[in-house]
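# Examining the three-dimensional arrangement
Each chain is listed here by its residues.
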Amino acid sequence: MRTELRAVLLALLPAVAQAGSLELTVRGDHAPLADAVVVAVPLDAPAPAPVPGELAIDQIDKEFVSRVTIVPLGSRVKFPNHDQIRHQVYSFSPAKRFELPLYAGTPANPIEFDMPGVVALGCNIHDWMLGYVYVAPTPWFAKSGNDGRARIDGVPAGRYRLQIWHPRLVGATETTREVTVGDGPANEAIELELKPGFKPRRAPVPGIAGYR
Amino acid sequence: MTRAALLAILAALAGPEAVADPIATAALALDYDDNIANAAGGRDLVDDVSFGARAAAGWRWMLGDRSDLSAVAQLDGARQARYTGLDRLETGGTITLHTKLGLGGDAPWLKISGGGGWCDVAFAPRDVWYWRAGAALGTRFGERLDVALAFDYEGRAAGHDVDVPFLVRRFGLRGDAYDTQAKSLGLSAVYALTERLSLVAGYTRRAGDVVSTVHIDREVFEASSAITPDPTFGPGRFAYRLGADSNVYDLTFSLALGAHLALDLGYRHQDSEAYEELAYHNEMLRLALVYAY
């Protein structure tokens, strides 16, 4: 058994030694862009399945936190409600259709995201609440921060197609770019074409007495 | 409402899942009305500015995934710049049943509401009890346009008996000029010009009683159904009640100042026609700061 383990570790060693990192700087409207999803899909070999996780997307002050969440394919996600009022989270997206009955606290059953793609989240009680789950088909993904940078570590050397997505991206699908990962870090930059952002208004509107 | 539906609501309110969510709103408003006496014209036309404040608080009970029932108590006051006899303080309450006919932001909704209260006016004979009932149906088209159709009924009953002057009795008229009833049907649309700026447009057709205040005018008195002395706008004036059809046009720009606060600038034009020669026109402006929890 010990011999077999040593053999496996030795077999993995070259791959680990050759693993590099990918850093993409994402810009939009000529400024660093936060919340852009970057996924690396290998071109020379089948993509290994990511390790599913147990994750949570919170509802705080009647907003989804975070607004964009990347989850590995097959992950199970809980939707804890930290507000003093109740929420009813749903999605119409083809990648995952679901509806959580009205709830406070944390629903007992997590939602399993078993198809790659973008899942738009809403709350049927508070129409301004919008969130996105990006279900990643590979283990190599990252989300850009306020400086627009998204960094993926531990990427084996080889050619990759980068899939880049953002809620304001023009077009329904991701923008793609091919990159090669070698021994050193691969640094790339991309300017996304964005549509104007629009979020339903939360502030009171005359004559419309909706939920608050 | 059927008895079964009422029992279902009561059961939901009393059940273990019945959790109430708080509701709170407040507003400060500056209003201008170029014809505050609802006069047909001439020397009876007077304008005024008022400063108002409104607060409402209550609870909402979810009756399931699609419906809720809310109960709100409200306090609404206004002080006039010139005609202080119209200064008022309203206390009342409203119960609303709201249901969403589907899932998502585009799902149509239906609202049925009823309520009432007491309006205390500085010139005491204008004090009234009021009650309102209404139903509204609305939906969203796309991400920017909301449209609603609303039917409302409002009744008012004078809070005090008013002595009817001899002159009025001579015309065979009643003195309860502040007892009124009206029905209205309105269509409103809210268009989000940007995430923060919304344009609200509305048209309402109203049929019911109108109260105007004029100097003694035989022709007007003969056309009215009730008359009472009204020194609010000066001595020698009478308030009279008349059935009229009104067209009300609203246009408001509403700017979100945050998640809970909005600044509204509104314009209202109202035409009321009772008879060919008895028509009233009002132009109103409103600047309001509105908060919702």
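Cut-off values and rules
- Residues numbered from 1 in each chain as written.
- Chains lettered and ligands numbered in written order.
- Predicted model: local features only at pLDDT ≥ 70, side-chain atom pairs only at ≥ 80, totals over all residues.
- Heavy atoms only, no water.
- Core = buried A, V, L, I, M, F, W, Y, C linked by side-chain atoms within 4.5 Å.
- Buried < 20%, exposed > 50% of the residue type's maximum accessible area, 1.4 Å probe, protein only.
- Helix = DSSP H or I, 4+ residues; strand = E, 2+ residues; numbered from the N terminus.
- Contact = heavy atoms within 4.5 Å.
- pLDDT = per-residue confidence, 0-100.
- Phe/Tyr/Trp six-rings, centres within 6.5 Å; stacked < 30°, edge-to-face > 60°.
- Lys NZ or Arg CZ within 6 Å of the ring centre and 35° of its normal.
- Pairing = 2+ DSSP bridges.
- Buried area = accessible area lost by both parts, 1.4 Å probe.
- Salt bridge = Lys/Arg side-chain N within 4 Å of Asp/Glu carboxyl O.
- Polar contact = N/O pair within 3.5 Å; in protein donor to acceptor, adjacent residues only side chain to side chain.
- Patch = residues over 30% accessible without salt bridge, like charges linked within 9 Å, V, L, I, M, F, W, Y side chains within 5 Å.
- Areas by Shrake-Rupley, 256 points an atom, 1.4 Å probe, with all protein chains shown as cover.

The next point concerns the nonpolar core. Residue and element names in this part refer to chain A. Core analysis: the biggest nonpolar cluster contains 31 residues, and Leu22, Val26, Val38, Ile152, Leu162 and Leu192 have the highest contact counts within it. At the level of secondary structure, the elements contributing two or more residues to this core comprise strand S1 (20–28), strand S3 (37–42), strand S7 (68–72), strand S13 (130–136), strand S15 (149–155), strand S16 (158–165), strand S17 (175–181) and strand S18 (186–192). When residues of this core are assigned to their parent elements, the largest contribution, 5 residues, is made by S3. The contacts of Ile152, once residues within four sequence positions are left out, are Gly20, Ser21, Leu22, Val38, Ala40, Trp140, Phe141 and Ala142.

Now for the confidence of the model for chain B. Here chain B averages 89 in pLDDT, and 91% of its residues register 70 or above. Note on the complex model: pTM 0.85, ipTM 0.79.

Tallied over the full model, the rule gives 9 aromatic pairs over all chains. Ring geometry for Trp118(B) against Trp129(B): centres 4.6 Å apart, planes inclined by 55 degrees, an arrangement best described as tilted. Highlighted residues: Trp118(B) in strand S5 (residues 109–121) and Trp129(B) in strand S6 (residues 128–141), separated in sequence by 11 residues. A relative accessible area of 19% places Trp118(B) in the buried class. Through a chain of ring-to-ring contacts, the aromatic side chains of Phe79(A), Phe98(A) and Phe113(A) assemble into a single cluster. One residue, Lys62(A), lies across the ring of Tyr293(B), its end atom 5.1 Å from the ring centre.

The subject of this paragraph is the pairing of strand S9 (residues 197–215) of chain B. Residue and element names in this part refer to chain B. Across 11 bridges, strand S8 (residues 180–192) lies against S9 in antiparallel orientation. Bridge pairing in S9 links Lys183 to Ala207. Following S8, the chain reverses through 4 residues before pairing antiparallel with S9.

This part is about the interface of chain B and chain A. With 42 residues of chain B in contact, the opposing surface of chain A contributes 28 residues. For the pair chain B and chain A, the summed buried surface comes to about 3,000 Å²; carbon and sulfur atoms form 54% of the total. Considering only the side of chain B, the residues that lose the most area to chain A are Asp65(B), Leu103(B) and Glu195(B), jointly responsible for 22% of the buried surface there. Summed over the shared surface of chain B and chain A, the number is 2 salt bridges. Close ionic contact of Arg66(B) with Glu99(A) constitutes a salt bridge, the shortest N to O distance being 3.2 Å. Remark: the boundary between chain B and chain A carries 13 residue pairs in polar contact (both at pLDDT 80 or more).

What follows concerns the environment of Pro22(B). Here Pro22(B) lies in strand S1 (residues 20–33). Expressed as a C-alpha distance, the spacing of Pro22(B) and Ser188(B), which sit 166 residues apart in the sequence, is 27 Å. If we skip the residues at most four places from it in the chain, Pro22(B) touches Ile85(A), Gly58(B), Trp59(B) and Tyr293(B).

Residue-level pLDDT values for chain A average 87, and 89% of them are 70 or greater. Counting interchain partners and residues more than four positions distant, the pLDDT-below-50 stretch residues 1–17 of chain A has 0 contacts.

Residue and element names in this part refer to chain B. A contiguous nonpolar patch, built from Leu28, Leu30, Val49, Phe51, Tyr191, Leu193, Phe253, Leu257, Leu263, Leu265, Leu287 and Leu289 and spanning about 1,000 Å² of accessible area, is present on the exposed surface. Of all the secondary-structure elements, those providing two or more residues to the nonpolar patch are S1, strand S2 (48–62), strand S12 (261–275) and strand S13 (278–292). Structurally, Leu257 can be placed in the loop between strand S11 (237–256) and S12.

The next thing to look at is unusual backbone geometry. The residue after Val65(A), namely Ser66(A), is reached through a cis peptide bond having omega 0 degrees. Among the structural elements, Ser66(A) can be located in the loop between strand S6 (63–65) and S7.

Attention now moves to the sheet that holds strand S10 (residues 98–99) of chain A. Whether parallel or antiparallel, the strands of a sheet pair through hydrogen bonds between backbone atoms. Residues and elements named next belong to chain A. Reading across from one edge, S7-S13-S12-S9-S10 is the order of the 5 strands in this open sheet, with mixed pairing throughout. The open sheet terminates on both sides in strands that have one partner only, identified here as S7 and S10. Where strand S9 (residues 89–91) meets strand S12 (residues 117–123), 2 bridges bridge the pair, whose relative direction is antiparallel. Bridged to Tyr90 within S12 is Gly122.

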